[in-house]
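The lines below spell out each chain.
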Amino acid sequence: FCVWPKPLPDDYKQKPLPQVPPTSQLQATAQTIPTTTTTTTLLENTSTTAAGKKESGTENSSAAPNGALTVKRGTIIDSDDEDDNETENILTSTFVDEEAVEEQRPIMAPIPSSAHTFTQPPFQPSSTPEEDAKRFLVWNDFGCIISREEETLFAIDVEYHNKQTYHPVRINDHFGYSMGALSTTFFALACPSHEPTEYDKRDHPSVLFGRNTHKSNEQWTIFFPKGEEIQCIAVGSGSVTFVAAATNRNFIRIYSNNGVVKGFFCIAGSVVSMAAHEDKLFVVHHSGSGVDGGQNLVGACYNVHTRKLLERTNIPLCTPTSSITWVGFSESGAPVFADSDGYLKML
């Protein structure tokens, strides 16, 4: 489309355009301008002349010591008043405006909050709910560990499936053990810290207990540092029997069957569950937020004897609301886990 200009009235007089003087006149005018040296006072909207010949002139100038002339930023210095207008029209563009232009930053869209709404708490595999007065701390191929709440005391019963070779063990529970792990020659118990209440006067940090059952009845107890809570344990019975304890500080602490520290390492997220088989230790832990509100879990398998990482991979889940219900090993020693949708998967 076209836009027609509005017709001008007859009595309109167009203003003449300013004429640019010739090059020779510009050079002559430039010679009349004294050389100025910009100092740090320019940041304060001032500058000084090197010649110092003129002590007064325009309204923007003021006298300075030693005959120097101080002028405001953006002012043209000229020895001839009659050429001020022409010189100002030519050289004004070379001066920076006194008010700096604000930088226009792009407006960024707000980052949406994470859709991750479900985080599975840690659990001990092959155990029953803690609300039960009589519950299984563990049930596996070797036997079971049962926690009993009686009228006057708490007791722990360890029973093996092969009763001809292994005799049952019964101990008093003074700490309220809630986690258990069992092998053919060793069993371990653990509990979180406890503060005294009106009805329960127990006061202790997180506790790890171990006992040998094959040849001797040697047992030991380890009290963890204050603020560090055991969340799940596992017992391996390979070339060397070991006990692994995962804590809320993302630590995996490894002990021998005599309670001696064998290893210590960190995982990249809070633990979900843990299992052991011979020299292998299988750990499932969180690894950041998942997609569509689901979990992002990682499974790592270690060889405790050689201290090497055998495998590390993501744990596949069917739906965003799926969770891990059990972890363990197959008969061939491959890590296996079950989810809440009823699937049993092998890594």
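Structural data are supplied above this passage.
Since we're looking at a predicted model, the values are computed, not measured.

Peer 1: Lay out the sheet that holds strand β19 (residues 295-303) in plain terms, naming residues and giving numbers.
Peer 2: The strand order across the open sheet built from 4 strands is β17-β18-β19-β20, with neighbouring strands paired in antiparallel fashion. Edge positions in the open sheet fall to β17 (271-277) and β20 (308-314), since each of these has one partner strand only. For this sheet, the mean inter-axis angle between neighbouring strands, taken without regard to orientation, is 20°. Across 8 bridges, the pairing between strand β18 (residues 280-289) and β19 is antiparallel.

Peer 1: Mind laying out the nonpolar core, listing which residues take part and the relevant values?
Peer 2: With 16 residues, the main nonpolar core has I145, I156, V158, Y177, L182, F187 and L189 as its most contacted residues. Put simply, the parts of the chain that give this core at least two residues each are β5 (134-139), β7 (154-160), β8 (169-172), β10 (186-191) and β11 (207-212).

Peer 1: Give a description of the pattern of salt bridges that names residues and reports values.
Peer 2: The full count for this structure, using the stated rule, is 4 salt bridges. Each of R148, D157 and R170 takes part in one network of salt bridges that share partners.

Peer 1: Let's hear about the pairing of β19: which residues, and what values?
Peer 2: The element β19 is largely enclosed, with a buried count of 8 among its 9 residues. With antiparallel pairing between neighbouring strands as the criterion, β18 and β19 make up a hairpin whose turn holds 5 residues, including D292 at a positive phi of roughly 60°. Bridging between β19 and β20 involves 6 bridges; their strand directions are antiparallel. Directly across from V298, in β20, lies its bridge partner N314. Connecting β19 to the antiparallel partner β20 that follows it, the hairpin turn spans 4 residues, and R307 within it adopts a positive phi of roughly 60°.

Peer 1: How would you summarise the sheet that holds strand β12 (residues 219-223) if you had to cite specific residues and measurements?
Peer 2: The antiparallel open sheet is built from 4 strands, whose spatial order is β9-β10-β11-β12. Both edges of this open sheet fall to β9 (179-182) and β12, since each of them pairs with a single strand only. The mean inter-strand angle of the sheet, taken between neighbouring strand axes irrespective of direction, is 15°. Here 6 bridges tie β10 to β11, and the two strands are oriented antiparallel to one another. Within the sheet, the bridge partner assigned to F187 lies in β11 and is R211.

Peer 1: Go over the side chain of T247, please, and point to the residues and values.
Peer 2: For T247, the position within the fold is in strand β14 (residues 241-247). Exposure remark for T247: the relative accessible area of 0% places this residue in the buried category. For T247, the contacting residues outside a window of four places in its chain are F224, E228, E229, I230 and Q231.

Peer 1: Explain the side chain of R211 residue by residue, including any values.
Peer 2: Take R211: it is sitting in strand β11. Buried and without a salt bridge, R211 has E218 as its closest oppositely charged side chain, separated by 10 Å.

Peer 1: Go over the environment of A188, please, and point to the residues and values.
Peer 2: Structurally, the position occupied by A188 is in strand β10. Exposure remark for A188: the relative accessible area of 0% places this residue in the buried category. In sequence terms A188 and Y177 are 11 residues apart; their C-alpha atoms lie 10.0 Å from each other. In contact with A188, not counting residues within four places along its chain, are I145, M179, G180, A181, F209, G210, I233, V235 and V243.

Peer 1: Tell me about the packing of aromatic side chains, residues and numbers included.
Peer 2: Each pair of aromatic rings is reported with the distance of its centres and the angle of its planes. Counted according to the given criterion, the structure contains 12 aromatic pairs. The structure contains a cluster of three or more aromatic residues connected by ring pairs, namely F175, Y177, F187, F209 and F223.

Peer 1: Would you mind going over unusual backbone geometry in detail, with residue names and values included?
Peer 2: In the Ramachandran plot, N250 falls in the positive-phi region, its phi being about 65° despite a non-glycine side chain. Its place among the elements puts N250 in the loop between β14 and β15 (251-256). For R307, which is not glycine, the phi dihedral falls at a positive 60°. Within the element layout of this structure, R307 appears in the loop between β19 and β20. Accessibility expressed as a relative area gives 67% for R307, which makes it exposed.

Peer 1: Account for the pairing of strand β6 (residues 143-149), with residues named and values stated.
Peer 2: Most of β6 is tucked away, with 5 of its 7 residues classed as buried. Pairing of β5 with β6 involves 5 bridges; the strand directions are antiparallel. Paired with F136 across the strands is I146, a residue of β6. Taken together, β5 and the strand that follows it, β6, pair antiparallel across an intervening segment of 3 residues. Bridging between β6 and β7 involves 7 bridges; their strand directions are antiparallel. Bridge pairing links R148 to A155 in β7. In sequence, β6 turns back onto β7 through a hairpin of 4 residues.

So, how was this worked out
- Residues numbered from 1 in each chain as written.
- Predicted model: local features only at pLDDT ≥ 70, side-chain atom pairs only at ≥ 80, totals over all residues.
- Heavy atoms only, no water.
- Pairing = 2+ DSSP bridges.
- Helix = DSSP H or I, 4+ residues; strand = E, 2+ residues; numbered from the N terminus.
- Axes fitted to C-alpha atoms, helices over the stretch in contact; angles between N-to-C directions.
- Core = buried A, V, L, I, M, F, W, Y, C linked by side-chain atoms within 4.5 Å.
- Buried < 20%, exposed > 50% of the residue type's maximum accessible area, 1.4 Å probe, protein only.
- Salt bridge = Lys/Arg side-chain N within 4 Å of Asp/Glu carboxyl O.
- Contact = heavy atoms within 4.5 Å.
- Lys, Arg positive; Asp, Glu negative; His and termini not counted.
- Phe/Tyr/Trp six-rings, centres within 6.5 Å; stacked < 30°, edge-to-face > 60°.

Interpretation in functional terms is not warranted from these geometric data alone.
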